[in-house]
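Chains, contacts and geometry: an overview
Below, each chain spelled out in residue letters.
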Amino acid sequence: MEKIKFALEGYEEEAEFYVLEETRISGRDYLLVTEDEEDTEEAEVLILKDLSEDGDPEALYEIVEDEEELKALSKVFMEMIDDIEIELE
């Protein structure tokens, strides 16, 4: 599982996430990530949306918070990964 580091705006520390899956929809890249590499069945996951433009030297991700977008992306990721169930809170 690939591990990526994110620089958080306003913080000196970096956040590390493990990429469970990635997809591209309507010209945007999305990542399904978790902080826990070991217990992926019970781990909390985040869906990140790449806001950068093609050709930008660095990606700019934000957590998807829009409820409708989150529902749609959850369905896509659950179809991509057979043994995962995403529960929205």
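Our subject in this report is the structure included herewith. Keep in mind it's a predicted model, so treat the numbers as computed, not measured. (Residues numbered from 1 in each chain as written. Predicted model: local features only at pLDDT ≥ 70, side-chain atom pairs only at ≥ 80, totals over all residues. Heavy atoms only, no water.)

Section: the side chain of Lys49
Applicable threshold: Secondary structure elements are defined from DSSP: runs of H or I of at least 4 residues count as helices, runs of E of at least 2 residues count as strands, and each element is numbered from the N terminus. Throughout this description, a polar contact denotes any pair of N or O atoms lying within 3.5 Å of each other; where both atoms belong to protein, one of them has to be capable of donating a hydrogen while the other can accept it, and for residues adjacent in sequence the pair is counted only when both atoms sit in side chains. The contact rule is simple, with two residues in contact once any of their heavy atoms fall within 4.5 Å.
Looking at the secondary structure, you find Lys49 in strand β4 (residues 45–50). Among the polar contacts listed, one links the side chain of Lys49 to the side chain of Glu69, at a separation of 3.2 Å. The contact partners of Lys49, leaving out residues within four places of it in the chain, are Arg28, Asp29, Tyr30, Leu60, Tyr61, Glu62, Val64 and Glu69.

Considering the sheet that holds β4
To be explicit about the condition: At least two DSSP bridges between two strands are needed for those strands to be called paired. To obtain each axis, a line is fitted to C-alpha atoms, and for helices this fit is confined to the stretch in contact; angles are then taken between N-to-C directions over 0 to 180 degrees.
Here we have 5 strands laid out as an open sheet, ordered β1-β2-β3-β4-β5, and antiparallel in their pairing. On the outer flanks of this sheet lie β1 (2–7) and β5 (61–63), each paired with one strand and no other. Each strand of the sheet is rotated relative to its neighbour by a mean of 45°, with strand direction disregarded. For β1 and strand β2 (residues 14–25), the ladder comprises 6 bridges, and the chain directions are antiparallel. The residue of β2 that forms the bridge with Lys3 is Tyr18.

What about the layout of surface pockets?
Empty space among the atoms becomes visible once a probe the size of a water molecule is rolled across them. Worth spelling out the cut-off: A cavity here means a set of 1 Å grid points, computed over protein atoms only, where a 1.4 Å probe fits but cannot escape. A pocket is an open set with protein on both sides within 12 Å along at least 5 of 7 lines, and lining residues have an atom within 4 Å of a point. Grid points are joined across faces, edges and corners, and a volume is the space filled by probe spheres set on the points. The residue classification treats Ala, Val, Leu, Ile, Met, Phe, Trp, Tyr, Cys and Pro as nonpolar and Asp, Glu, Lys and Arg as charged. All others, Gly included, are polar.
In this structure, the second largest pocket occupies an estimated 450 Å³ of space. Phe6, Ala7, Leu8, Tyr61 and Glu62 are the residues nearest the centre of the second largest pocket, which is lined by 15 residues in total. A class-by-class count of the residues in the lining of the second largest pocket yields 11 nonpolar, no polar and 4 charged.

Considering the packing of aromatic side chains
Convention followed: The rule is short: rings of Phe, Tyr and Trp, with Trp giving its six-membered ring, pair when the centres are within 6.5 Å, and they are stacked under 30 degrees, edge-to-face over 60, tilted in between.
The final tally for this structure, using the stated rule, is 2 aromatic pairs. Seen from their ring centres, Phe6 and Tyr61 are 5.6 Å apart, and the 85° between their planes marks the pair as edge-to-face. Of the two residues, Phe6 is situated in strand β1 and Tyr61 in strand β5; the sequence distance between them amounts to 55 residues. Chaining the aromatic ring pairs together yields one cluster made of Phe6, Phe17 and Tyr61.

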